[in-house]
Amino acid sequence: MLTTVTLTLLEGLVTTLELFVLTLVFALPLGLIISFGSMSRFAPLRGFVKTVVWIIRGTPLMLQILVIFYGPGLLFGLPLLPRFTAALASFVINYACYFSEIYRGGIQAVPRGQYEAGQVLGMTRSQIFFKITLLQVVKRIVPPMSNEFITLVKDTALVRIISVYEIIWMGESFIKKGMIWPLFYTAVFYLAVNGILTLLFGWVEKKLDYFK
Amino acid sequence: MSVLEVRHIEKHFGATRVLEDISFSLEEGQALAIIGSSGSGKTTLLRCLNFLERPDRGSLAVRGETLFDAADPATQREAEVRRKRLHFGMVFQSFHLFPQYTALENVTLAGRLLAKERADYKRDQKRILRQIEEQGKALLEQMGLSDRAGHYPHQLSGGQQQRVAIARALALSPDILCFDEPTSALDPELTGEVLKVIRSLAEQNTTMIIVTHEMAFARDVADQVIFMDGGVIVEQGTPEQVIVHPQQERTRQFLTRFSQN
């Protein structure tokens, strides 16, 4: 029995991890672009981006998943997106907005003098960003990012609302057979994944400890 | 011909006039000290020279080339500002070293980036980079920091950090080296080691502009002194004229108050 349950849960874990990894792949760069928008000197763009971030951060992710999955069909008569794609799209948008605020905080925490020192040394804007600012930003955002990563692992459970079969869905399927322990068992997988993430972030933090 | 010619610079922040009709010139190999109380516009003036601020009026020329003229938009193109900045070196009050790089990397980083724009970079990359590295080491040695080349800024004292910052500014061989209150963030013990370095640069006839509160130092090292107050130049001349025998009442008041503190 244990083997059957483990295999079933592993199948769900694959979906969970796919969602986790793909969300990061798209949301990490998208968040950076959004953060540039929210710091833009062009007020209308800044206002627009800030409003979008406010809406996305101000409403439940669960609601966003439902809207993205059912919305295009019900509003415009478009065919439904594949379930996993709709789930991924909502996660990417949602997490990119959160990431953008973390990036913004990190970027704005770099002292003005760092930019000016680069400028007077004849560096271009992109040289200043990539050679000076970026690593200082990374160092600052590691702790808040580790929070977001861990939350993301757990948030993936929400996609069951549009019947994407992630790990908790799989665990729950055993309740019909009168078994509760597979549900507890799912927690072991979450703990394992988040344990690895915690170790990874600890390692990165340590790696960046060489400068202050 | 003067190395630097500043004519009628004026700068506003909103409704506040920070600089008014600033004109002076600087000869090759001379050191100019700018003195005056906080808020007199000294720092803003240096920032205008380094294109960190843009004057509302006036012009500045280096070796006869007009780098900036508020009346001529053609001199203000963003693309050229980067190259124009290289005429000036800047040493900031609070150092602004790059924390993730060692002392030597701080000194060589800008040179390595600029070298990439050279036509012969692809062909001669190794030799060019070695040259930059050697020049960086030589500069740190000149600053008395040979044994600190591999240290990160947070491992250095304030005085050492500021000397690295001086080496970093010198690495690009600017025509004019600017110091913005280079010792104001240092305790008295560390001030001496930085002043000593600046003094030796003056002895080697480095063209410099030094904004400072160190009167004795300004008197000894500068060839020319400007006293600023309320955004205007109140008095300028030799240290003897301005610091020892000031003509203006305001200069006298400032110096008296200064020697009392």
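Given the structure is predicted, the values throughout are model-derived calculations rather than measurements.

Criteria and thresholds
- Residue numbers here run from 1 along each chain, matching the order of that chain's written sequence.
- Chain labels run from A onward and ligand labels from 1 onward, assigned in the order the entries are written.
- The model is predicted, so local features are restricted to residues of pLDDT at least 70 and side-chain atom pairs to those at 80 or more, both for listing and for counting; the totals for chains, interfaces and linings are taken over all residues.
- By convention in this description, side-chain values take in all heavy atoms of the structure and omit both hydrogens and water.
- For two strands to be treated as a pair, DSSP must find at least two bridges joining them.
- A run of H or I in DSSP becomes a helix once it reaches four residues, and a run of E becomes a strand once it reaches two; helices and strands are each numbered from the N terminus.
- Simply put, an axis is a line fit to the C-alpha atoms, just over the touching stretch for a helix, and the angle between two N-to-C directions goes from 0 to 180 degrees.
- Two residues form a contact once any of their heavy atoms are found within 4.5 Å.
- Classification of residues uses two cut-offs on accessible area relative to the type maximum, computed with a 1.4 Å probe and protein chains only: under 20% is buried, over 50% is exposed, and between them is partly exposed.
- Every crossover in which the path from the first strand over the helix to the second runs clockwise, viewed with the strands pointing away from the viewer, is termed right-handed.
- Throughout, buried area stands for the accessible area (probe radius 1.4 Å) lost by two parts on being put together, summed over both.
- A pair is scored as a salt bridge if a Lys or Arg side-chain nitrogen falls within 4 Å of a carboxyl oxygen belonging to Asp or Glu.
- N or O atoms within 3.5 Å of each other form a polar contact, as long as, within protein, one can give a hydrogen and the other can take it, and as long as residues adjacent in sequence are counted only when both atoms are side-chain atoms.
- UniProt positions are given in the numbering used here, feature names are shortened, and annotations may be inferred rather than shown by experiment.

**Looking at the sheet that holds strand β2 (residues 16-26) of chain B**
Residues and elements named next belong to chain B.
Thinking step 1. Across the sheet, four strands lie side by side as β2-β1-β4-β5; this open sheet has antiparallel pairing. For this open sheet the edge positions go to β2 and β5 (65-69), each flanked by a neighbour on one side alone. Strand-to-strand, the axes of this sheet are offset by a mean angle of 20°, without reference to chain direction.
Thinking step 2. Two strands pair when backbone bridges link them, and strand β1 (residues 4-13) and strand β4 (residues 57-62) are joined in this way by five bridges, in the antiparallel orientation. Each residue of the ladder has a partner; that of Arg7, found in β4, is Ser59.
Thinking step 3. The strands that helix α1 (residues 42-49) touches are β1, β2 and β4; relative to β2, the one it contacts most, it runs at about 65°.

**Remarks on the pairing of strand β8 (residues 208-211) of chain B**
All names here are of chain B.
Thinking step 1. Neither face of β8 is left uncovered, since the one carrying Met208 and Ile210 and the one carrying Ile209 and Val211 both have all their residues buried.
Thinking step 2. Inspection of the sheet shows strand β3 (residues 31-35) paired to β8 by four bridges, in the parallel sense. When the sheet's bridge partners are listed, Leu32 is paired in β8 with Ile209.
Thinking step 3. Relative to β8, strand β7 (residues 176-180) runs parallel, the two being bridged by four bridges. Across the sheet, Phe179 pairs through a bridge with Ile210, a residue of β8.
Thinking step 4. Chirality of the crossover, the property in question, places the unit of β7, helix α6 (residues 188-203) and β8 among those that are right-handed.

**Observations regarding the interface of chain B and chain A**
Thinking step 1. Taken together, the contacts link 23 residues of chain B with 19 residues of chain A.
Thinking step 2. Buried surface at the junction of chain B and chain A, summed over both partners, amounts to about 2,100 Å²; 64% is from carbon and sulfur atoms.
Thinking step 3. Where chain B touches chain A, the interface holds one salt bridge.
Thinking step 4. With a shortest N-O distance of 2.7 Å, Glu116(A) and Arg47(B) are connected by a salt bridge.
Thinking step 5. Connecting chain B to chain A are seven residue pairs in polar contact (both at pLDDT 80 or more).
Thinking step 6. Broken down by secondary-structure element, the contributors of at least two residues to the side of chain B that touches chain A are α2 (78-85), β6 (88-91) and α3 (103-115) of chain B.
Thinking step 7. Top contributing element to the side of chain B that touches chain A by residue count: α3(B), with four residues.

**Structural notes on the sheet that holds β7(B)**
All names here are of chain B.
Thinking step 1. Here six strands make up an open sheet; going across it, the order is β6-β7-β8-β3-β9-β10 and the pairing mixed. For this open sheet the edge positions go to β6 and β10 (232-237), each flanked by a neighbour on one side alone. With direction set aside, neighbouring strand axes in the sheet form an average angle of 20°.
Thinking step 2. Pairing between β6 and β7: four bridges, direction parallel.

**A closer look at the UniProt feature "domain: ABC transmembrane type-1" (unreviewed entry) in chain A**
Thinking step 1. On the UniProt side, "domain: ABC transmembrane type-1" (unreviewed entry) is annotated at positions that read residues 13-201 of chain A here.
Thinking step 2. Secondary structure across residues 13-201 of chain A comprises 80% helix and 0% strand; the distance between its end C-alpha atoms is 21 Å.

**A word on the UniProt feature "transmembrane region" (unreviewed entry) in chain A**
Residue and element names in this part refer to chain A.
Thinking step 1. Taken from the UniProt record, the annotation "transmembrane region" (unreviewed entry) applies to residues 20-39, 51-70, 76-98 and 183-204.
Thinking step 2. Helix makes up 74% of residues 76-98 and strand makes up 0%, while its end C-alpha atoms are separated by 29 Å.
Thinking step 3. Strand forms 0% of residues 183-204 and helix 100%; the C-alpha atoms that close the span are 32 Å apart.

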